[in-house]
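Analysis of the macromolecular model
The lines below spell out each chain.
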Amino acid sequence: MTPFTDRTRRLAQSLLAPADGLMNRLYTWRFNPLYHSGAVVVVLLLIILVTGIYLLFFYRIGAPYASVERLADQWWLGSWMRSLHRYASDAAVVAVLIHMFRMFAQERSWGPRALAWVSGLVMLFVLFVSGWTGYVMVWDVQGLLLAREGARLLDLLPLFSEPIARTFVGERELPGAFFFLNLFLHVALPVGMGLGLWVHVSRVARAGLLPPRGLSWTVTGALLAMSVLWPAALGPAADLFRLPDTAPLDVFYSFWLPVSQAMPAWSVWLSSSAFSGVVLLVPWWARPALEARPAPSVVNERLCTGCTQCWVDCPYEAIAMVPRADAREERVARVDPALCVSCGICAGSCAPMGVGPPVRTGRDQLAAVRAFVSRNALDAQVVVVACTRGAGGVAASPEFQGAPVIPVDCAGSMHTSVVEYLVRSGAGGVLIVSCPPRDCWHREGPKWLEQRLYHDREAELKPRVDRRRVRLVYAGLGERATVRAALRTFQRDIGALEVARPEDRVELDIECERPAEEVLER
Amino acid sequence: MTSGMRVVGGVLALAAIVGLGALSQVPYPPEPPAHAVIRLTWRTRSKRVDECRRLTTEEQAQLPAHMRREEVCEGRVLAYRLRVVLDGDTVADETVEPRGARADRPLYVFHEIPAPPGVRVLDVAFVREDSLRGATGGDEGTTGGDERATGGEDSAVREGRAGRVQETPAVLQFSERLELEPRQVALITYDPERRALVLKGYGQTP
Ligand code: HEM
Ligand code: SF4
Ligand code: SF4
């Protein structure tokens, strides 16, 4: 990552973090629409699909404007169906842009995610073309402007034997084939989007395609209310023999029109190609330099018991269970480095600590925490274990409000034995600060962490650990105050307990056919 | 969540959705245009000429046996010159070349000339390059020398065939007073039946 890229990314994060923080305060992290922007797009696409099918029954290629006008006059259903179709399409553009910005800010664009980045952009382009053809279908002033400007730009390409701009100059009547082709594109392209979405999420496990139900219904209800109370305007009919009067223009789809109309076609092509190129190539220019890229996970085949937990937990389906090379019967985990994003979540999944990115496996974490305990007198105080991506940014310094801080690269990658070791070594309490579940840069870290701490998910926190001394809080990057408040409350609660006493010799049992100590010694 | 937060959350959501609705229908252009437009648009097929030359004996000898012939011809579709004068001012004066990678496709004219509303005097001359010298009248220019029109490409005019309706005259002229209303588009186009530039549109939708 060049200094420029790094600065761009930091700027993006500094915009995203406070926005996330505000949304969490207003709507709680569960319903923060910014967290669910990608899934909100899916809801919007479903609304567009349902309303679009209805509209299709009334649309006439032979009399496009008149048929839409009839729909708009149908106040009891047609008018708001049409408006809902339109507003959902507008909202989809906004949601995609937020989703995209989020992925960029969270460094989720390169490596195995490049496929999602590129396919996402293809879907965005298809969304735009669907919108443009949708407006051309209406054949009002905006439709005509789009058609004429689109034709002017396309005519620069050596695609057509004669300029298609001729279609819209009034020399001849508009051919019916034009509206047919346009309708075909408007229907076929969104169908292709389904395929695009399948590719888009093909590298993630358990893709979160839908937001929580409450958010889906709120979005749908709000758009519906808008459609009923403020139906989308229908511009005057396209007239090839009049310059358009002032007419409604949809900024989300036609934002480029005023600019483009004022530029020569070649410079529109040049500037839009350059811009698209820069965005399309984000996975290549915005990735860290080779030596700074985190290495993919590796499996220690001797330690792996074939329990399949990492295979289940990996959010990127980067792990396969394969037959072993040695005499043991069970299968062994194998990481595909081309799919692994090095989130480290598998390190937290593996009870015998047999998998994880180099120097971040459970064993490495345990070694680090031992060193930490030998360096710092715990003195029954609260230790903060904080995710380096979120957690109000507290992981950046060794102390927060006087409490020692242990940074972890994704809270979901933390092995629960780290917590056990701290508590049994005399920490008054362990405050684990993770990003809110839907904010996780690695998708499923906080979800698995919570289940390991409180619901006995494999690689669970052992029952002998005093749960009163362990607390999990969620805080995004911009929520330092949340961490501060949580720490204060936890410190007060710990103060009310008996003073923590360190055990003489902390023995952890690590599920493996080898004695734990032997494993740890390595 | 406090009730204050709930109110702020509700207001923000409302603002977002109303903002969406507003941006979905922004009046454009902010000011309706006051001018009118004279739109010149037509597509014509121009004349194709083959310029042929006899090959010398040496040149013929250099060609492979199966490609040997006595003359080589190079075909070309002639361009036109377009000149538009509005109220005595020249607003366009340019050469219209045949389109296509090999410049053998029809010619295409498209010009939009903004004009203040009111009475305007428009003069358009569209003259084939071989008739440029002193071309003001309506007669077609004749080709001379060793040029030879051929029936080659479909896009070019086939000269010498029966029914030359397809052919565009070498000189097209249009001279008229137009009464333009604000935002009106006066369309000047080529009518192949009348073989002349005609005024169309003027307010009606085709
Ligand atoms: C056009 C409609 C789009 C839809 C419906 C959509 C939806 C989604 C969904 C549902 C996910 C999975 C989220 C999860 O479970 O973690 C996802 C992931 C992703 N999206 Fe999109 N997206 C769209 C466009 C885009 C665009 C334009 C970009 C960027 C240019 C983009 C970049 C990504 C990336 C990089 C991921 C993977 C995140 C990760 O692996 O951690 N998406 N998208
Ligand atoms: S979690 Fe550990 S033991 Fe289980 S399959 Fe994965 S590497 Fe093997
Ligand atoms: S680090 Fe582990 S959990 Fe994360 S993607 Fe790689 S293999 Fe999967």
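Worth saying up front: this structure is predicted, and the values here are computed from it rather than measured. (Residues numbered from 1 in each chain as written. Chains lettered and ligands numbered in written order. Predicted model: local features only at pLDDT ≥ 70, side-chain atom pairs only at ≥ 80, totals over all residues. Heavy atoms only, no water.)

**Comments concerning the domain arrangement of chain A**
Residues and elements named next belong to chain A. Heads up, the condition is: Residue ranges assigned to the domains are those given by an automatic or database domain assignment. Here a residue-residue contact requires only that any non-hydrogen atoms of the pair lie within 4.5 Å. Defined in terms of a 1.4 Å probe, buried area is the accessible area two parts forfeit on being brought together, summed over both. For this analysis, a salt bridge means a side-chain nitrogen from Lys or Arg found within 4 Å of a carboxyl oxygen belonging to Asp or Glu. Polar contact is defined as a pair of N or O atoms within 3.5 Å, subject to the rule that within protein one atom must be able to donate a hydrogen and the other to accept it, and that residues adjacent in sequence are counted only when both atoms are side-chain atoms. Strands here are runs of E lasting at least two residues and helices are runs of H or I lasting at least four, both read from the DSSP assignment and numbered beginning at the N terminus. Charged means Asp, Glu, Lys or Arg here, nonpolar means Ala, Val, Leu, Ile, Met, Phe, Trp, Tyr, Cys or Pro, and polar covers whatever is left, Gly included.
The assigned domain composition of chain A is domain 1 (3–239 + 248–285) and domain 2 (298–521). On a C-alpha basis, the centroid separation for the pair domain 1 and domain 2 is 42 Å. Counting from both sides, the interface comprises 23 residues of domain 1 and, opposite them, 25 residues of domain 2. Both faces combined, the contact of domain 1 with domain 2 buries some 2,000 Å², and carbon together with sulfur accounts for 52% of it. When residues of domain 1 are sorted by the area they lose upon contact with domain 2, Trp 29, Arg 113 and Arg 206 head the list and together hold 28% of the total. Asp 439 is paired through a salt bridge with Arg 102; the nearest N and O atoms lie 2.6 Å apart. Seen at the junction of domain 1 and domain 2, the total is 15 residue pairs in polar contact (both at pLDDT 80 or more). Among the secondary structure elements, those contributing two or more residues to the side of domain 1 that touches domain 2 are α1 (3–27) and α4 (78–105). Residue contributions to the side of domain 1 that touches domain 2 peak at five residues, all from α1. Across the side of domain 1 that touches domain 2, the residue classes break down as nine nonpolar, seven polar and seven charged.

**Overview of the interface of chain B and chain A**
Each partner contributes residues to the interface: chain B has 46 residues there, and chain A has 48 residues. A combined buried area of about 3,900 Å² lies between chain B and chain A, and 59% of that area is made up of carbon and sulfur atoms. Here chain B and chain A share two salt bridges between them. Put simply, Arg183(B) and Asp245(A) hold a salt bridge, and the shortest N to O gap is 3.5 Å. Between the two partners, chain B and chain A, sit 19 residue pairs in polar contact (both at pLDDT 80 or more). At the level of secondary structure, the elements contributing two or more residues to the side of chain B that touches chain A comprise α1 (3–23), β1 (26–28), β2 (36–44), β7 (107–115), β11 (185–191) and β12 (196–201) of chain B. Per-element tally for the side of chain B that touches chain A: the top contributor is α1(B), with 11 residues. Among the residues forming the side of chain B that touches chain A, the class breakdown is 26 nonpolar, 12 polar and eight charged.

**Quick look at the coordination of the iron atom of ligand 1**
Residues and elements named next belong to chain A. This is how it is decided: Only nitrogen, oxygen and sulfur atoms count as donors, using a 2.8 Å cut-off from the metal that widens to 3.2 Å for Na, K and Ca. Water is left out, so coordination shells may look unfilled. Note on geometry labels: four donors, all angles 85 to 135 degrees, give tetrahedral; four donors become square planar and six octahedral when opposite donors are over 155 degrees apart and every other angle is between 65 and 115; remaining cases are irregular.
Coordination of the iron atom of ligand 1 by the protein comes from His 99 (NE2) and His 200 (NE2), over a distance range of 1.9 to 2.0 Å. Note that the iron atom of ligand 1 binds six donor atoms; their angles at the metal cover 86 to 179°, and the shape is octahedral. Placement of the pair is His 99 in helix α4 and His 200 in helix α7 (residues 176–200), with a sequence separation of 101 residues.

**As for unusual backbone geometry**
Operational definition: Under the scheme applied here, a residue whose accessible area is under 20% of the maximum for its type counts as buried, over 50% as exposed, and between as partly exposed, the area being computed with a 1.4 Å probe on protein chains only.
Along the chain, Tyr28(B) connects to Pro29(B) via a cis peptide bond; the corresponding omega equals -10°. The residue Pro29(B) is located in the loop between β1 and β2 in this model. For Asp379(A), which is not a glycine, the phi torsion comes out positive at approximately 45°. Position of Asp379(A) among the secondary structure elements: in the loop between α15 (362–375) and β6 (382–387). Note on Asp379(A): relative accessible area 64%, which makes it exposed. One non-glycine residue, Arg443(A), lies in positive phi territory at about 75°. Classification of Arg443(A) as buried rests on a relative accessible area of 18%.

**Quick notes on the sheet that holds strand β10 (residues 171–180) of chain B**
All names here are of chain B. For the record, the criterion: Note on pairing: two strands pair once DSSP finds at least 2 bridges between them. Lines fitted to C-alpha atoms define the axes, with helix axes restricted to the stretch in contact, and inter-axis angles between N-to-C directions lie between 0 and 180 degrees.
The four strands lie next to each other as β6-β5-β8-β10, forming an open sheet whose pairing is antiparallel. Looking at which strands have only one partner, the edges of the open sheet turn out to be β6 (89–96) and β10. On average, each strand axis in the sheet is inclined to that of its neighbour by 10°, with strand direction left out of account. Inspection of the sheet shows strand β5 (residues 80–86) paired to strand β8 (residues 118–128) by seven bridges, in the antiparallel sense.

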